[in-house]
Amino acid sequence: MRWFEQHLERLDWPLLTLELRRSRRSAKIFGQMLWISIGFLVYGLLMFAMFAMCAPAVLKVNTNDSDLVVFLTMVIALWRSLFSFFVVPSYSARMISSEKENRSFEHLALTSLSAKDIVIQKAALPIFYSLAITVVLLPLDIVVLAFSGALQYCFVGSLGFVCQVALYTGIGILSSCLCNNTRSASVITYLTIIFAPISSASLWARPWFSLGALNVDVVPQEIDLWLIRVVLSILISIAVAALCFYLAVGKIERLRCSV
Amino acid sequence: MVRIENLVKQYGKLTAVNDLNLNIETGDIMGFIGPNGAGKTTTIRMVATLLKPTSGKVFVDGIDVVADPEAVRPLIGYMPDFFGLYDDIKVWEYLDFFAAAYKLPKPKRAGSIDDVLELTDLTIKKDSFVSELSRGMQQRLCLAKTLLHDPKLLLLDEPASGLDPRARIEIKELLKELRNMGKTILISSHILPELADFCNKIAIIEQGKLVVSGDVDAIIEQCRGGNVLHITLLDRQEEALALLNGMDTISDTKIEDGTIAATYIGEPGEHYSILEQLSKNGFKVTSFSEAQVDLEDVFMKVTRGAVS
Ligand SMILES: Nc1ncnc2c1ncn2[C@@H]1O[C@H](COP(=O)(O)OP(=O)(O)O)[C@@H](O)[C@H]1O
Ligand SMILES: [Mg+2]
């Protein structure tokens, strides 16, 4: 991660560098990720214990699958879902609304950064972290999915994760532009994510990567249907994320002359 | 440097700035004075491109701030009345962030940061966290950030408010240094004495309207409406008062703390004739002087006039 951050600083994106320095110190993102990971490791263990008792019947776990593979798949999928669902929206919702709250936005508004620079640089951190997580988890994914014979889907799955993070970041930054305090921005973000059918579609595509790996005996036709859904939800996620970023840029442009 | 023409800003029904006209020449230090709620912050924000005027125009260095805010922003350094700092980073990181955000070339940044730290006397605090600085230091850091991109025009909104006397003096010294560097400065305050000694121009605003503006000396001259003479006598005060009241060149007299205050409306510089007449009539004058009119008197006079 450290190596990754050093390379990010070379981009010379001031807002990204600032966020890196701040989050490194307050350990906001990392702290949250660590706790979530630990929490889900425990949760995963419990689930695994439960599955170990009743899964063979319910999920038709292929006896060839090693228990470790099943466990790892679960943990990876849940950990990613949690990163995208709990860490990203709350972080994104804080971006502009906290600037407004502590009145640092007026300083930002006067700099030479364009509205587009501000949105991209503010949103970069969660997206880069999700890329980093993907890079770190990809070998594990490959191993796991190779075991379960669904290797072709691991790249789709990784892409899906990054797109989902981009989507939530987009929703978060847009609501943070619209709200004057972080709390209402967070509430709006979560409500949108929970209720937007599109995001729930992409959310609902996720569990497949955990359960799909368990369920290798599904008929090929069914897998293709899943794949279509996943690809579709990725495309929709990208489109909606782009729209959110576009609207956020416009909003920042207007905020600049009315702070 | 700054030309404000018929500037109006309305918030709903409230007119915060009402038909304001103001000119600031390059190199001017203009004190922008008015009681709280007069519309100073609103005006400064409009000049700083942070607020759109309801009507009227503002030009900075000949550029219309509404039409081309991107071109105006690099020219100005704006310090708000409330400094929103990021407090979870170090002083140099804070400045480095703004240096990059103002797109200063990377090799020049460290030098610029050292320069503004030096100027604001914060060099020893370079590695401290922003949250660890005193209020006065935070104020200076905010000013340091404002100076990073070497703006021609500084817009300072009540820079000394909320500071203890020592910090005020430090800020004042700093402003004097900036004046000597040839910056054009618009500085607002609701307390006048704060500004009196380093502005060459003042503009007084009340309820959104410009009451008076121009050279400090000219305004003092214009506002005093006759010199006030302070005369102290050993005795026979009442008699002297009667004599003074009888003179053509004296318009008004009163006694304040045992001293006669007489308003002289005769030829300027010839008030010694009053002293002559008093002596001729045998009054024992122990002191005779022209009262000093300062900006504060002008301010009180002008603003009270506008309210009533
Ligand atoms: N955002 C706003 N919405 C409504 N009224 C405002 C707003 N900002 C300022 N005002 C009003 O405009 C007037 C001028 O305010 P301001 O420019 O802050 O005065 P000053 O800086 O001279 O104390 C005040 O009456 C204030 O209440
Ligand atoms: Mg104000």
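Now for a look at the structure at hand.

Basis of the calculations
- Residues numbered from 1 in each chain as written.
- Chains lettered and ligands numbered in written order.
- Predicted model: local features only at pLDDT ≥ 70, side-chain atom pairs only at ≥ 80, totals over all residues.
- Heavy atoms only, no water.
- Helix = DSSP H or I, 4+ residues; strand = E, 2+ residues; numbered from the N terminus.
- Buried < 20%, exposed > 50% of the residue type's maximum accessible area, 1.4 Å probe, protein only.
- Contact = heavy atoms within 4.5 Å.
- Areas by Shrake-Rupley, 256 points an atom, 1.4 Å probe, with all protein chains shown as cover.
- Expected span 1.5 Å × (residues − 1).
- Arc of directions from axis to C-beta.
- Pairing = 2+ DSSP bridges.

1. Some details on the overall build of chain A
Inference 1: Helix and strand counts for chain A stand at eleven helices and zero strands.
Inference 2: Walking chain A from its N terminus toward its C terminus, one meets helices and strands in the order α-α-α-α-α-α-α-α-α-α-α.
Inference 3: Here chain A holds 259 residues, and the buried ones make up 51% of them.
Inference 4: Residue pairs at least 24 apart in sequence account for 84% of intrachain contacts in chain A once pairs closer than 6 positions are excluded.
Inference 5: Here chain A displays about 11,800 Å² of accessible surface, and carbon together with sulfur accounts for 72% of that area.

2. As for helix 4 (residues 106-119) of chain B
Residues and elements named next belong to chain B.
Inference 1: Taking 1.5 Å per residue, 14 residues should reach 20 Å; helix 4 reaches 21 Å between its end C-alpha atoms and fits that length.
Inference 2: Among the residues of helix 4, Arg109, Ser112, Ile113, Val116 and Leu117 are the ones counted as buried. The buried residues of helix 4 all sit within an arc of 130° when viewed along its axis, so they share a single face. Exposed side of helix 4, more than 90 degrees from the buried face: Pro107, Lys108, Asp115 and Glu118 are the residues found there.
Inference 3: In this structure, the buried residues of helix 4 make contact with helix 3 (91-101) and helix 5 (135-147).
Inference 4: Positive backbone phi, approximately 65°, marks Asp121, located one or two places after helix 4.

3. A few points about the pairing of strand 7 (residues 153-157) of chain B
Residues and elements named next belong to chain B.
Inference 1: Along strand 7, five of the five residues are buried, which leaves the element largely enclosed by surrounding structure.
Inference 2: Alternating residues of strand 7 divide into Leu153, Leu155 and Asp157 and Leu154 and Leu156, and every residue in both groups is buried.
Inference 3: Note that strand 6 (residues 76-79) and strand 7 share four bridges and pair parallel. When the sheet's bridge partners are listed, Gly77 is paired in strand 7 with Leu154.
Inference 4: Summarising the sheet, strand 7 and strand 8 (residues 184-189) pair through five bridges and their orientation is parallel. Across the sheet, Asp157 pairs through a bridge with Ser188, a residue of strand 8.

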